[in-house]
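Chain by chain, the residues run as shown.
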Amino acid sequence: MSLADSVSSVSSLPSGWIVQKFGGTSVGKFPEQICEDIVKTYSESHQVVVVCSARSTHLKSEGTTTRLLLAAEYAADEKKEEYLEVLRLVEEDHVNNAREKIQNAELRERLIDETREEIRHVTRLLDACLIIGEVSAKSNDVVMACGEKLSCRFMSYLLQDRGVKAQYVDLSMVASDMELSNGLDAHSYKLLGERFAAEVRRLPEGTVPVLTGFFGLIPGGLLRAVGRGYTDLCAALTAVGLAAEELQIWKEVDGIFTADPRKVQKARLLASVTPDEAAELTYYGSEVIHPFTMEQVIKARIPIRIKNVMNPQGDGTIIYPDNIGKRGEATPPHPPISVQNIPASVFTSKKTATAVTAKSDIAVLNIHSNKKTLSHGFLAGVFTVLDKHKLVVDLISTSEVHISMALHYTKELKHNFGKALEELKKFGDCDVTKDLCIVSLVGIHMKQLIGIAGAMFKILADERINIEMISQGANEINISCVIDRKDVIKALNALHDRLLLRAFTGGSAVDQRLENLKLDDVI
Ligand SMILES: Nc1ncnc2c1ncn2[C@@H]1O[C@H](COP(=O)(O)OP(=O)(O)O)[C@@H](O)[C@H]1O
Ligand SMILES: N[C@@H](CC(=O)OP(=O)(O)O)C(=O)O
C-alpha cells in the first residue's frame, strides 16, 4: 500500500485532526523524512499537529534531555565549568544541525539566533541556581524544557524550509503551577488538553503547529510526575483536546511485535493490541509507548497508531480495545468481540498469548520473616523502606513467613539497595540474587485459556531454564517469571516459537483437552 492509500484509510471525521508525535532519535536522525514523507503527505488530506521530543543523534541516553539533566546536576554540585561545557555541547550540536539542514539562509540564521538565546536563558538560570545553592524541581524542569524548545524550533523551521506552513508552539508555560496544584489528576488532564487544543486552534487555518512535548509546570516537576517519555503524554492530551481522529506515535520500528525484533528474529508485527496489553508490554520491557498515554485517549475513543518513520507506508500497530466503537461511531465497525463472550471460533483459531517480553536489570530480594506469620504492618513496613530508597517492585509473591520481590536494580541503585537492606534486616533474614531478568507472556486471550501457564513453564523447563520466581498479574493477561539474565534470549525464542508462532500457523501449545474443557464452559 502506498503512503497516500494508507493516509486516506484514516477515515475523515469532521475535525480531521491527526496528532503525530516524533521521538528524540527520530528528530535527530530522520528530520527530512519526517517533513517530506510524513507531515507533508498527511497535511494534504488532514489537519496535522506535530509534537516533538528533544533531539538525540544516537541514543536517548546520550541525547539533549540527558545532557540538560546532567548540566542541572553539575549546577547542583556547584560545578560551573562542567555545566557550561555541557551547554556548549548542546548549543554546538543544534547550531551545526541548523547549518547542515536548513537551506534558506534567512531561516537558518534566525534559527541559530533563537537557539543561542535559549541556551543563554538556561545558562542564566543555572548561574542563579549556583548563587542560591539549589536546583529546585521547577528549575530542573525549565532546564529540561530547553530540549523540546530547541528541537521544535528546528522542526518548524525545517518544515518552512521545505514549503510547509508551520508554526513553533511553546507549551512549557501553558498552565501555571497554581492551576496544576493537585498534580496530574483527571482535572489537570482536562485542563491541559483544552489549553493545548486552544493553542493549536489559535493558529491560522492550514498551519501545522509544532508543539513542544514538554508541558507544565507540574508541581514537583514533570520528571517525577510522568518520567522520561513525557512527550507521548503531551501528544495524547493534545489528541483528546482536539477530539482527533488518530494519535500517531512515530518510532523507528514498524509497530508492536510479538517480541522485541532485536532479540527474536521470527517476531511478527501485530496489527492491533488492546490498551491493557500495550500497558503490560511497555511496563515489562517493550517500551513502545509511555504507559500514561493510553487511558485518556482510549476514553475519548481515539485510536493510537504506532508507525515507523523509516517505513511510513506500513500500517503500523493500532492500540484500541476490540469491544468499543471509535469516536463518531456508536458501536464498533465490526461485530464487537467482548472478551466475556468470545465465540468458540476464536478459541479454535488457537490464539494463545499476544506477545512475549523481557525486562532486564532485575534483582530478587527475599525476606524470611523472623516471626511465625507475617505480622500486621509487615508489608507496609517493607514497602515504606523500599519507597524511601526509591526502589520499585516489579513483581511480588508471598507465603506465610516469606516474601519475594523482583526489583529494578542498576549500578546507580546499588547504594540505595545497600541502605534499604540494612533497614530491612529488622524484619527478618534477607538475601538478594542479582543479574536476573523478568520474562512475561502477555495476551488478552490468556484470561480464557486453561493451561497456558503450565505450557509456559514446561517450555522453560524443556530448555533447562531455572525459574527464580513466578507471578501472575491481577488482570490475568500477564504471566511473569524471573530467570537468569544469561538465559533470556533462549527463553524468549523458545516461548515465541512454541506459543506464539504456532498460534499463527494453527498449532497450539495448550493441551487440547484443557482447551476443550474451556470450550465446554463457554458454550
Ligand atoms: N514487542 C516489541 N515490539 C516492538 N519493539 C519492541 C518490542 N519490544 C522491544 N522493542 C524495542 O523497542 C524499541 C522502540 O523503538 P524506538 O523508536 O527505536 O525507541 P525509542 O522511542 O526509545 O527511541 C525498538 O528498538 C525495539 O527493538
Ligand atoms: N525528551 C524527553 C521526553 C520524551 O518523550 O522523549 P522520547 O519521545 O524521545 O522518548 C526524554 O528524553 O525523556
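Residues numbered from 1 in each chain as written. Chains lettered and ligands numbered in written order. Predicted model: local features only at pLDDT ≥ 70, side-chain atom pairs only at ≥ 80, totals over all residues. Heavy atoms only, no water.

Description of a nonpolar patch on the surface
Part 1: Together, Leu379, Phe383 and Ile396 make up an exposed nonpolar region whose accessible area comes to about 220 Å².
Part 2: Within the fold, Phe383 resides in helix H14 (residues 378-388). (Patch = residues over 30% accessible without salt bridge, like charges linked within 9 Å, V, L, I, M, F, W, Y side chains within 5 Å. Areas by Shrake-Rupley, 256 points an atom, 1.4 Å probe, with all protein chains shown as cover. Salt bridge = Lys/Arg side-chain N within 4 Å of Asp/Glu carboxyl O. Helix = DSSP H or I, 4+ residues; strand = E, 2+ residues; numbered from the N terminus.)

Observations concerning the site of ligand 1
Part 1: Around ligand 1 sit 13 residues, and of these Lys251, Phe257, Asp260, Arg262 and Ser286 come closest.
Part 2: The separation between an oxygen atom of ligand 1 and a polar side-chain atom of Asp260 is 2.8 Å.
Part 3: Ser286 places a polar side-chain atom, nitrogen or oxygen, 2.8 Å from a nitrogen atom of ligand 1.
Part 4: Relative to its unbound accessible area of 560 Å², ligand 1 is 81% covered by the protein chains.
Part 5: Looking at side-chain class alone, the shell around ligand 1 contains 6 nonpolar, 3 polar and 4 charged residues. (Near = heavy atom within 4 Å. Polar contact = N/O pair within 3.5 Å; in protein donor to acceptor, adjacent residues only side chain to side chain. Nonpolar A, V, L, I, M, F, W, Y, C, P; charged D, E, K, R; others polar.)

Side note on the pairing of strand S14 (residues 478-484)
Part 1: Buried residues dominate S14, accounting for 6 of its 7 residues.
Part 2: By the bridge criterion, 7 bridges tie strand S12 (residues 428-442) to S14 in an arrangement that is antiparallel. Looking at the pairing, Leu441 lines up with Ile479 of S14.
Part 3: As paired elements, strand S13 (residues 467-472) and S14 share 5 bridges and run antiparallel to each other. Opposite Ser471, over in S14, you have Ser480 as the bridge partner.
Part 4: Linkage of S13 to S14, two consecutive antiparallel strands, is achieved through a turn of 5 residues, within which Glu476 is found at a positive phi near 60°. (Buried < 20%, exposed > 50% of the residue type's maximum accessible area, 1.4 Å probe, protein only. Pairing = 2+ DSSP bridges.)

Regarding the site of ligand 2
Part 1: The local shell around ligand 2 consists of Lys21, Gly23, Gly24, Ser53, Ala54, Lys60, Thr65, Glu148, Arg228, Gly229, Tyr230 and Thr231.
Part 2: A distance of 2.6 Å is found between an oxygen atom of ligand 2 and a side-chain nitrogen or oxygen belonging to Arg228.
Part 3: Residue Thr231 places a side-chain N or O atom 2.9 Å away from an oxygen atom belonging to ligand 2.
Part 4: Calculation on ligand 2 without its partners gives an accessible area of 340 Å², and the protein chains cover 90% of this total.
Part 5: Taken together, the residues that form the shell around ligand 2 break down as 2 nonpolar, 6 polar and 4 charged.

Remarks on helix H8 (residues 186-201)
Part 1: With 16 residues, H8 extends 22 Å from end C-alpha to end C-alpha; this agrees with the ideal 22 Å at 1.5 Å per step.
Part 2: Of all the positions in H8, only Ser188, Tyr189, Leu191, Leu192, Gly193, Phe196, Ala197, Glu199 and Val200 are classed as buried.
Part 3: Residues of H8 that are buried make contact with strand S1 (17-22), strand S2 (47-52), strand S3 (166-169), strand S4 (208-212), helix H10 (230-242) and helix H12 (293-299). (Expected span 1.5 Å × (residues − 1). Contact = heavy atoms within 4.5 Å.)

Focus on the sheet that holds strand S11 (residues 402-408)
Across a sheet, strands are paired by hydrogen bonds formed along the backbone, either parallel or antiparallel in direction.
Part 1: Ordered in space as S10-S11-S9-S12-S14-S13, the 6 strands form an open sheet in which the pairing is antiparallel. Edge strands, defined here as strands with exactly one partner in the open sheet, are strand S10 (393-398) and S13. Ignoring which end each strand starts from, the neighbouring axes of this sheet average 30° apart.
Part 2: Against the sheet, H14 makes contact with strand S9 (355-369), S10 and S11, and its axis sits at roughly 20° relative to S11, the strand it touches most. (Axes fitted to C-alpha atoms, helices over the stretch in contact; angles between N-to-C directions.)

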